[in-house]
Amino acid sequence: MDAVRIHLEPWTDADLALLRRVNTPEMKKHVGGPETEEQLLVRHARYLDFVPSGLGCMFRIVLAGEAEPVGTVGYAARGWRGGTVYEMGWNVLPPHQGRGIAARATRAAVAAARTGARHRYLHAFPSVDNPASNAVCRKAGFTLLGETDFEFPPGRPMRSNNWRVNLLEEAG
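Rules and cut-offs
Residues numbered from 1 in each chain as written. Predicted model: local features only at pLDDT ≥ 70, side-chain atom pairs only at ≥ 80, totals over all residues. Heavy atoms only, no water. Helix = DSSP H or I, 4+ residues; strand = E, 2+ residues; numbered from the N terminus. Polar contact = N/O pair within 3.5 Å; in protein donor to acceptor, adjacent residues only side chain to side chain. Contact = heavy atoms within 4.5 Å. Core = buried A, V, L, I, M, F, W, Y, C linked by side-chain atoms within 4.5 Å. Buried < 20%, exposed > 50% of the residue type's maximum accessible area, 1.4 Å probe, protein only.

With that settled, the discussion passes to the side chain of Asn161. Mapping Asn161 onto the fold places it in strand β7 (residues 157–166). Looking at Asn161, its side chain comes within polar contact range of the side chain of Asn134, at 2.9 Å. Apart from residues lying up to four places away in sequence, Asn161 is in contact with Ala124, Phe125, Pro126, Val128, Asn134, Leu144, Gly146 and Glu147.

Here you go:
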């Protein structure tokens, strides 16, 4: 089977519908469950502000030759262990999972973060109980630093793997 070709498009106001589509119990079981409509609106506004504020970038994932997005990927600045890093996250809608889309989109988003990176490191913190997201990190070239206590969403502690990419080193 040929690799699925994807491209990333910048987040727009129209992507609120996509955010609602990924806000399901199945998609959010490793990150505290679905959010309320009010929480989604706050998240959407934050995503729209990532680029203007210089905090990061959010994308919709689109398959080559198609118009409908199949997921999301992005990164944003956050404090971590006394410094500032980028944190990355992604979602691929269930009908499109298991095809390598998340790993391809994550690699593309890492490449975007490398362009003019304001921070040296980009981290991902998938739950230790989320084998699919941990596999995405491995396939996308992240280095596993070990397990850590993490809060996501804020106020919800979880045991996560701490994966990292050095944005100042060339991709290998």
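Another aspect to go through is the nonpolar core. By size, the foremost hydrophobic cluster in this structure holds 28 residues, and its most contacted members are Met88, Leu122 and Phe142. For this core, the elements supplying multiple residues, two or more each, are β2 (56–63), β3 (69–80), β4 (83–92), α3 (101–114), β5 (121–124), α4 (131–139) and β7. With six residues, the top contributor of residues to this core is α3. Once residues within four sequence positions are removed from consideration, Phe142 is found in contact with Met88, Thr106, Val110, Leu122, His123, Ala124, Cys137, Trp163, Arg164 and Val165.

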